[in-house]
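Analysis of the macromolecular model
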Amino acid sequence: AQSVTQLGSHVSVSEGALVLLRCNYSSSVPPYLFWYVQYPNQGLQLLLKYTTGATLVKGINGFEAEFKKSETSFHLTKPSAHMSDAAEYFCAVILKTSGSRLTFGEGTQLTVNP
Amino acid sequence: GAVVSQHPSRVICKSGTSVKIECRSLDFQATTMFWYRQFPKQSLMLMATSNEGSKATYEQGVEKDKFLINHASLTLSTLTVTSAHPEDSSFYICSAEPTSYNEQFFGPGTRLTVL
(Lines give C-alpha, C1' and ligand atoms only; values in the text may rest on other atoms or scores of the structure.)
Protein backbone atom coordinates (compact mmCIF):
# COMPACT_ATOMS: atom_id res chain seq x y z
CA ALA A 1 0.00 0.00 0.00
CA GLN A 2 1.28 3.41 -0.96
CA SER A 3 1.91 5.41 2.20
CA VAL A 4 2.69 8.71 0.51
CA THR A 5 1.19 10.14 -2.65
CA GLN A 6 2.38 13.27 -4.35
CA LEU A 7 -0.12 14.56 -6.86
CA GLY A 8 1.61 15.82 -9.95
CA SER A 9 5.05 14.60 -10.95
CA HIS A 10 5.69 17.96 -12.63
CA VAL A 11 4.56 21.40 -11.55
CA SER A 12 5.36 24.54 -13.46
CA VAL A 13 4.87 28.06 -12.12
CA SER A 14 5.91 31.54 -13.10
CA GLU A 15 8.43 33.44 -11.04
CA GLY A 16 6.56 35.26 -8.28
CA ALA A 17 3.57 32.95 -8.41
CA LEU A 18 2.28 30.73 -5.64
CA VAL A 19 3.87 27.33 -5.30
CA LEU A 20 1.63 24.46 -4.19
CA LEU A 21 2.94 20.92 -4.06
CA ARG A 22 0.51 18.30 -2.87
CA CYS A 23 1.14 15.40 -0.55
CA ASN A 24 -1.30 12.93 0.96
CA TYR A 25 -0.52 10.07 3.26
CA SER A 26 -2.35 6.90 4.14
CA SER A 27 -2.06 5.87 7.75
CA SER A 28 -4.59 5.32 10.49
CA VAL A 29 -2.22 7.00 12.92
CA PRO A 30 -0.84 10.37 11.84
CA PRO A 31 2.80 9.91 10.95
CA TYR A 32 5.72 12.26 11.20
CA LEU A 33 5.77 14.25 7.96
CA PHE A 34 8.65 15.76 6.04
CA TRP A 35 9.37 17.74 2.91
CA TYR A 36 12.78 17.48 1.29
CA VAL A 37 14.30 19.29 -1.68
CA GLN A 38 16.86 17.78 -4.02
CA TYR A 39 18.94 19.70 -6.51
CA PRO A 40 20.54 17.79 -9.42
CA ASN A 41 23.21 15.31 -8.38
CA GLN A 42 22.89 16.25 -4.72
CA GLY A 43 21.51 14.70 -1.60
CA LEU A 44 18.33 15.72 0.14
CA GLN A 45 17.89 18.86 2.20
CA LEU A 46 15.14 19.09 4.78
CA LEU A 47 12.72 21.92 4.14
CA LEU A 48 10.44 21.34 7.11
CA LYS A 49 8.86 18.67 9.24
CA TYR A 50 5.81 18.04 11.37
CA THR A 51 5.93 15.83 14.40
CA THR A 52 3.55 17.29 16.96
CA GLY A 53 2.10 20.64 17.97
CA ALA A 54 1.21 23.46 15.62
CA THR A 55 -0.14 22.12 12.36
CA LEU A 56 1.22 24.98 10.25
CA VAL A 57 4.93 24.45 9.93
CA LYS A 58 7.35 27.01 8.59
CA GLY A 59 10.53 25.87 6.95
CA ILE A 60 13.54 27.23 5.16
CA ASN A 61 13.53 29.37 2.02
CA GLY A 62 10.04 30.70 2.69
CA PHE A 63 8.27 27.35 2.44
CA GLU A 64 5.54 26.21 4.77
CA ALA A 65 3.21 23.25 5.04
CA GLU A 66 0.04 22.53 6.91
CA PHE A 67 -0.84 19.20 8.42
CA LYS A 68 -4.56 18.49 7.95
CA LYS A 69 -5.53 15.31 9.70
CA SER A 70 -9.06 15.27 8.30
CA GLU A 71 -7.68 15.38 4.78
CA THR A 72 -4.57 13.27 5.51
CA SER A 73 -2.61 15.94 3.73
CA PHE A 74 0.61 17.87 4.16
CA HIS A 75 0.78 20.23 1.18
CA LEU A 76 3.81 22.43 0.67
CA THR A 77 3.39 26.07 -0.26
CA LYS A 78 5.42 29.17 -0.93
CA PRO A 79 3.77 32.51 -1.66
CA SER A 80 6.20 33.66 -4.33
CA ALA A 81 8.39 31.36 -6.40
CA HIS A 82 12.01 32.16 -7.14
CA MET A 83 14.04 30.77 -9.98
CA SER A 84 16.25 29.09 -7.39
CA ASP A 85 13.29 27.02 -6.18
CA ALA A 86 13.45 24.87 -9.30
CA ALA A 87 14.27 21.40 -8.00
CA GLU A 88 12.80 18.03 -7.11
CA TYR A 89 10.65 17.95 -4.00
CA PHE A 90 9.92 14.85 -1.96
CA CYS A 91 7.27 14.36 0.66
CA ALA A 92 8.13 11.65 3.17
CA VAL A 93 6.65 10.07 6.26
CA ILE A 94 7.84 8.10 9.21
CA LEU A 95 5.05 5.77 10.22
CA LYS A 96 4.97 5.44 13.97
CA THR A 97 4.79 1.66 13.54
CA SER A 98 7.98 1.47 11.49
CA GLY A 99 10.59 2.90 13.79
CA SER A 100 12.54 5.57 11.99
CA ARG A 101 12.07 4.23 8.47
CA LEU A 102 11.32 7.00 5.97
CA THR A 103 8.87 6.33 3.18
CA PHE A 104 9.12 8.72 0.24
CA GLY A 105 6.61 9.92 -2.25
CA GLU A 106 7.44 9.75 -5.93
CA GLY A 107 8.61 13.31 -6.05
CA THR A 108 7.48 16.47 -7.82
CA GLN A 109 9.71 18.33 -10.22
CA LEU A 110 9.15 22.06 -9.84
CA THR A 111 9.93 24.28 -12.79
CA VAL A 112 9.96 28.05 -12.36
CA ASN A 113 9.51 30.08 -15.51
CA PRO A 114 10.85 33.63 -15.85
CA GLY B 1 25.50 20.93 12.60
CA ALA B 2 24.25 17.49 11.52
CA VAL B 3 26.49 17.10 8.50
CA VAL B 4 26.79 13.81 6.66
CA SER B 5 29.52 13.20 4.10
CA GLN B 6 29.90 10.56 1.45
CA HIS B 7 33.02 9.45 -0.33
CA PRO B 8 33.57 9.23 -3.18
CA SER B 9 31.10 11.59 -4.79
CA ARG B 10 31.54 9.94 -8.13
CA VAL B 11 33.09 6.64 -9.17
CA ILE B 12 33.48 4.84 -12.46
CA CYS B 13 34.50 1.21 -12.42
CA LYS B 14 34.74 -1.78 -14.68
CA SER B 15 32.22 -4.56 -14.61
CA GLY B 16 33.16 -7.26 -12.12
CA THR B 17 35.03 -5.03 -9.72
CA SER B 18 33.93 -4.03 -6.22
CA VAL B 19 33.32 -0.50 -5.07
CA LYS B 20 33.19 0.81 -1.52
CA ILE B 21 31.22 3.91 -0.57
CA GLU B 22 31.71 5.57 2.81
CA CYS B 23 29.11 7.49 4.77
CA ARG B 24 30.21 9.56 7.75
CA SER B 25 28.35 11.64 10.27
CA LEU B 26 30.77 14.49 10.92
CA ASP B 27 29.41 16.17 14.02
CA PHE B 28 27.09 13.70 15.66
CA GLN B 29 26.86 10.05 16.53
CA ALA B 30 24.48 7.97 14.50
CA THR B 31 23.17 4.75 15.93
CA THR B 32 21.33 4.13 12.70
CA MET B 33 22.31 4.81 9.12
CA PHE B 34 20.31 4.17 5.99
CA TRP B 35 21.31 3.43 2.42
CA TYR B 36 19.15 4.46 -0.50
CA ARG B 37 19.33 3.98 -4.22
CA GLN B 38 17.91 6.46 -6.67
CA PHE B 39 17.44 5.92 -10.38
CA PRO B 40 17.14 8.92 -12.72
CA LYS B 41 13.89 10.81 -12.34
CA GLN B 42 12.75 8.48 -9.58
CA SER B 43 12.31 8.56 -5.86
CA LEU B 44 14.64 7.14 -3.26
CA MET B 45 14.41 3.44 -2.60
CA LEU B 46 15.55 2.24 0.79
CA MET B 47 18.06 -0.55 0.42
CA ALA B 48 18.99 -1.28 3.99
CA THR B 49 19.11 -0.01 7.52
CA SER B 50 22.32 -0.41 9.43
CA ASN B 51 22.74 -0.24 13.16
CA GLU B 52 26.12 0.22 14.77
CA GLY B 53 27.60 -3.07 15.83
CA SER B 54 24.93 -5.30 14.33
CA LYS B 55 23.99 -6.75 10.98
CA ALA B 56 22.16 -4.57 8.51
CA THR B 57 18.49 -5.10 7.79
CA TYR B 58 17.90 -5.33 4.06
CA GLU B 59 14.72 -4.44 2.25
CA GLN B 60 12.93 -7.08 0.27
CA GLY B 61 14.55 -7.69 -3.08
CA VAL B 62 17.95 -6.26 -2.12
CA GLU B 63 20.74 -8.82 -2.36
CA LYS B 64 22.68 -8.74 0.87
CA ASP B 65 25.61 -10.61 -0.65
CA LYS B 66 25.90 -8.04 -3.40
CA PHE B 67 25.45 -4.93 -1.31
CA LEU B 68 27.60 -5.41 1.77
CA ILE B 69 26.98 -2.95 4.56
CA ASN B 70 29.22 -2.41 7.54
CA HIS B 71 28.47 -0.02 10.39
CA ALA B 72 31.56 -0.42 12.51
CA SER B 73 31.35 2.82 14.45
CA LEU B 74 28.82 5.46 15.45
CA THR B 75 30.08 7.77 12.72
CA LEU B 76 30.86 5.50 9.79
CA SER B 77 28.93 3.12 7.60
CA THR B 78 30.17 1.61 4.36
CA LEU B 79 28.37 0.13 1.39
CA THR B 80 30.34 -2.20 -0.84
CA VAL B 81 28.90 -3.09 -4.20
CA THR B 82 30.49 -6.42 -5.01
CA SER B 83 31.09 -7.66 -8.55
CA ALA B 84 29.44 -4.58 -9.95
CA HIS B 85 27.55 -4.74 -13.22
CA PRO B 86 26.16 -1.97 -15.43
CA GLU B 87 22.69 -2.41 -13.93
CA ASP B 88 24.16 -1.38 -10.57
CA SER B 89 24.88 2.07 -11.97
CA SER B 90 22.85 4.47 -9.90
CA PHE B 91 22.94 7.31 -7.39
CA TYR B 92 23.51 5.98 -3.89
CA ILE B 93 22.56 8.17 -0.94
CA CYS B 94 23.11 7.52 2.72
CA SER B 95 21.47 9.12 5.70
CA ALA B 96 22.23 9.12 9.40
CA GLU B 97 19.94 9.46 12.35
CA PRO B 98 21.20 10.87 15.63
CA THR B 99 20.36 8.76 18.63
CA SER B 100 16.76 9.21 19.80
CA TYR B 101 15.98 11.80 17.16
CA ASN B 102 13.27 11.27 14.57
CA GLU B 103 15.04 12.85 11.66
CA GLN B 104 17.53 11.64 9.11
CA PHE B 105 20.32 13.77 7.74
CA PHE B 106 21.36 12.98 4.20
CA GLY B 107 24.72 12.72 2.55
CA PRO B 108 25.37 14.36 -0.83
CA GLY B 109 25.20 11.07 -2.70
CA THR B 110 27.59 8.96 -4.76
CA ARG B 111 27.16 8.53 -8.48
CA LEU B 112 28.27 5.02 -9.48
CA THR B 113 28.84 4.20 -13.12
CA VAL B 114 29.76 0.65 -14.05
CA LEU B 115 31.17 0.20 -17.53
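Up top is the structure.
Think of each chain on its own: its residues are numbered from 1, step by step along the sequence as written. Following the order in which they are written, the chains are lettered starting with A and the ligands numbered starting with 1. In keeping with the predicted nature of the model, local features appear solely for residues at pLDDT of at least 70, side-chain atom pairs appear and are counted solely at 80 or more, and the whole-chain, interface and lining totals rest on all residues. Excluded from the side-chain calculations are hydrogens and water; all other atoms, namely the structure's heavy atoms, are used.

1. Some points on the layout of surface pockets
Buriedness of a pocket was judged along seven lines, with at least five required to meet protein on both sides within 12 Å; pockets are open sets of points on a 1 Å grid over the protein atoms alone, cavities are sets where a 1.4 Å probe fits but cannot get out, and lining residues have an atom within 4 Å of a point. Grid points are joined across faces, edges and corners, and a volume is the space filled by probe spheres set on the points. Taken as a whole, the largest pocket encloses approximately 350 Å³ of empty space. Lining the largest pocket we find 16 residues, and of these Gln38, Pro40, Asn41 and Glu88 of chain A together with Lys41 of chain B sit closest to its centre. For the lining of the largest pocket, the element with the highest residue contribution is strand E9 (residues 87-94) of chain A, accounting for three residues. Residues are sorted three ways: Asp, Glu, Lys and Arg are charged, Ala, Val, Leu, Ile, Met, Phe, Trp, Tyr, Cys and Pro are nonpolar, and all the rest, Gly among them, are polar. Here the residues of the lining of the largest pocket sort into eight nonpolar, five polar and three charged. The helix count covers DSSP runs of H or I at least four residues long, the strand count covers runs of E at least two residues long, and both are numbered beginning at the N terminus.

2. Describing the pairing of strand E1 (residues 4-7) of chain A
Residues and elements named next belong to chain A. When accessible area is computed with a 1.4 Å probe and restricted to protein chains, residues below 20% of their type maximum are described as buried, those above 50% as exposed, and intermediate ones as partly exposed. What you see with E1 is a clean split: Val4 and Gln6 sit on the buried side and Thr5 and Leu7 on the side with no burial. In this structure, E1 lies alongside strand E3 (residues 19-25), joined through four bridges in antiparallel fashion. Within E3, the position partnered with leucine 7 by the bridge is arginine 22. Strands pair, by our definition, only if DSSP identifies at least two bridges between them.

3. Quick look at the sheet that holds strand E7 (residues 64-68) of chain A
All names here are of chain A. Read from one edge of the open sheet, five strands run E1-E3-E8-E7-E6, paired in antiparallel fashion. Every interior strand has two partners, whereas the edge strands, E1 and strand E6 (56-58), have only one. Between one strand and the next, the sheet's axes are offset by a mean angle of 20°, whatever the strand orientation. Interaxial angles span 0 to 180 degrees and are taken between N-to-C directions of axes, which are lines fitted to C-alpha atoms, for helices over the stretch in contact.

4. Some points on the packing of aromatic side chains
Two rings belonging to Phe, Tyr or Trp (six-membered ring only in the last case) form a pair when the distance between their centres is within 6.5 Å. Interplanar angles under 30 degrees mark stacking, angles over 60 mark edge-to-face geometry, and anything in between is tilted. In total, this model carries twelve aromatic pairs over all chains according to the counting rule given. Look at phenylalanine 104 of chain A and tyrosine 36 of chain B: their rings are 5.7 Å apart centre to centre, the planes differ by 85°, and that puts the pair in the edge-to-face class. Placement of phenylalanine 104 of chain A in strand E10 (residues 102-104) and of tyrosine 36 of chain B in strand E4 (residues 30-38) is noted, with the two residues assigned to different chains. Residue phenylalanine 104 of chain A shares its accessibility class with tyrosine 36 of chain B, and that shared class is buried. Look at phenylalanine 67 of chain B and tyrosine 92 of chain B: their rings are 6.4 Å apart centre to centre, the planes differ by 45°, and that puts the pair in the tilted class.

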